[in-house]
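# Remarks on the overall topology
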Amino acid sequence: MRRIDLGLSFAGSARLAGALRPQVPAVAGEAARRIEKRLPEFVRPHDPRYARGLETAVECAIGHFLDLLADPGVSSADVLDFWRRVGAGEAGEGRTLDSWHTAIRIGAGVAVEELTERAGRLGYRADASTMAGITHAMFDYMNQLAAAVSEGHADAAARAAGSQQDHRRRLLDLLLDEPAPAARDLREAAGEASWPLPRTVAAVALRECGPETRRPSLPPDVLLGLHRAEPCLVVPDPEGPGRARLLERRLDGWTAAIGPAVELTGAARSLRWARDALDLADEGLIDRDAAGPGAPIAAELHMPIIVMMRERDLVEKVIERRLAPLLAARPAQRHRLAETLLASLECGFNATAVSGHLHVHPQTVRYRFRQLEELFGDTIQATSDRLELHMALRAWLALNPEPPAREQLRYG
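Residues numbered from 1 in each chain as written. Predicted model: local features only at pLDDT ≥ 70, side-chain atom pairs only at ≥ 80, totals over all residues. Heavy atoms only, no water.

## Some thoughts on unusual backbone geometry
The peptide bond linking Glu178 to Pro179 adopts the cis configuration, its omega dihedral lying at 0 degrees. Tracing the chain through its elements places Pro179 in the loop between helix 6 (128–175) and helix 7 (183–192). (Helix = DSSP H or I, 4+ residues; strand = E, 2+ residues; numbered from the N terminus.)

## Here we look at the pattern of salt bridges
Counted under the stated rule, the structure contains 22 salt bridges. Notably, a salt bridge pairs Glu230 with Arg275, separated by 3.8 Å at the nearest N-O pair. One end of the pair, Glu230, is in the loop between strand 2 (223–225) and strand 3 (232–236); the other, Arg275, is in helix 9 (residues 267–282), and 45 residues separate them in sequence. Among the residues examined, Glu230 registers a relative accessible area of 41% and is labelled partly exposed. It is possible to trace a salt-bridge network through shared partners that takes in Glu30, Arg33, Arg34, Glu113, Glu114 and Arg118. (Salt bridge = Lys/Arg side-chain N within 4 Å of Asp/Glu carboxyl O. Buried < 20%, exposed > 50% of the residue type's maximum accessible area, 1.4 Å probe, protein only.)

## Section: the pairing of strand 1 (residues 200–208)
Counted residue by residue, strand 1 has seven buried out of nine residues, so it is predominantly covered. Two elements, strand 1 and strand 5 (residues 262–263), share two bridges in a ladder whose sense is antiparallel. What sits directly across from Thr200, in strand 5, is Glu263. Pairing analysis gives five bridges linking strand 1 to strand 3, with the strands arranged antiparallel. Considered in strand 3, the bridge of Val201 is made with Pro236. The pairing of strand 1 with strand 4 (residues 254–258) spans five bridges and is antiparallel. Bridge pairing in strand 4 links Ala205 to Ala257. (Pairing = 2+ DSSP bridges.)

## Remarks on a negative patch on the surface
On the surface, Glu311, Asp313, Glu316 and Glu320 cluster together to form a negatively charged patch. Given the relative accessible area of 33%, Glu316 is considered partly exposed. (Patch = residues over 30% accessible without salt bridge, like charges linked within 9 Å, V, L, I, M, F, W, Y side chains within 5 Å. Areas by Shrake-Rupley, 256 points an atom, 1.4 Å probe, with all protein chains shown as cover. Lys, Arg positive; Asp, Glu negative; His and termini not counted. Charge placed at Lys NZ, Arg CZ, Asp CG, Glu CD.)

## Points about the domain arrangement of the protein chain
According to the domain assignment, the protein chain contains domain 1 (13–159), domain 2 (199–302) and domain 3 (329–399). Here the C-alpha centre of domain 2 lies 52 Å away from the C-alpha centre of domain 1. (Domains from an automatic or database assignment.)

## Focus: the nonpolar core
Across soluble globular proteins, nonpolar side chains show a tendency to be buried alongside one another. Core analysis: the largest hydrophobic core is formed by 60 residues, its most contacted members being Leu171, Leu175, Trp195, Leu341 and Leu393. Lining this core are residues from two domains, each supplying at least three of them: domain 2 (199–302) and domain 3 (329–399). Excluding residues that lie within four positions of it along the chain, Leu393 makes contacts with Leu323, Leu326, Ala338, Leu341, Leu342 and Leu345. Leu68, Ala103, Leu115 and Met142 belong to the second largest nonpolar core, which has 46 residues in total. (Core = buried A, V, L, I, M, F, W, Y, C linked by side-chain atoms within 4.5 Å. Contact = heavy atoms within 4.5 Å.)

## Comments concerning the pairing of strand 3
Within strand 3, five of the five residues are buried, which leaves it mostly tucked inside the rest of the structure. Residues Cys232, Val234 and Pro236 point to one face of strand 3 and Leu233 and Val235 to the other, with burial holding for every one of them. Bridge count between strand 2 and strand 3: three bridges; the pairing is antiparallel. For Leu223, the partnering residue across the bridge sits in strand 3 and is Val234. If you look at the hairpin formed by strand 2 and strand 3, you'll find six residues sitting between the two strands.

The following block contains the structure:
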């Protein structure tokens, strides 16, 4: 919009406008006083420039109305640009336009009242229909100025949001850089992004569940990394109250794994662990619903398998050597005996405790103990390499899912 059309024309309008032109400063001053009286937020004793700015804005509006009354073809470009800047200024200070829209309505009412009265003093008399037309034109004119204010506010807010989003993307990229960024660089980037530096952060690795996956709706302090080749988040103070529940609710449609809480300069490590957990969940080596359907996988709770799978070749060599007797057993027996041996190591070879852990009868556990002793001999309860045996069993069970039930029944 570059031009305002009052939609008003009557004989003598140019002469009336010319006569009222000198009255504009006084009318603007009265309108500014009424606005300040009704809207205390416009009163800033510590900043006299603001009061003068309000009066200038009202004077600009009323003066241009009279210009249009005198010549409907006059350009409105400069006036509209002025009011757009008013809206942009309010956006820049983080304020809404409620007060300005109210102020514009008050100013329109005062302008009609004061200009009508002053026209009468100057000897100008107009019939009722002409006065109704001027009043309607004034309010329509002010509505068009309010639209320009809204346009400027919206444009500035959109630019600010885009700029802040850019700063936050750069901050997230910096946090995830390796080697870790310097603390000073982080402080500067966080300041530009208006992001208060937290004590700890956690990175979240994301994968879309399908083509209909939507952008997650997250609190403003969560840094969103959907621009990266592998989407992720950086969550400040991840161990704070309600954080885990929040992620569960807001990441619907995404598969997520959250890395451990780390200091600011450790965000890249947290993301690396989270991605490892997500990769292993995709392979079926981690139960993605272990923390509940839809809940992010907590990488820290799956540390053994994550660490072991980073050196899978070495782990498989250890499995071949350490579990050779077990691997010689029949396929359906292997899984059952491996579970029993793992539970036995964790329960101190106590048959009652193992039976409770596996939900089988103690006699069944004792029978399996004998089978294991036949396979492994006296070394089964040796303590010197128990950690190696424990890790090998966990890795083998993760890499070899339980066989179908009918196979188990066939082998007994």
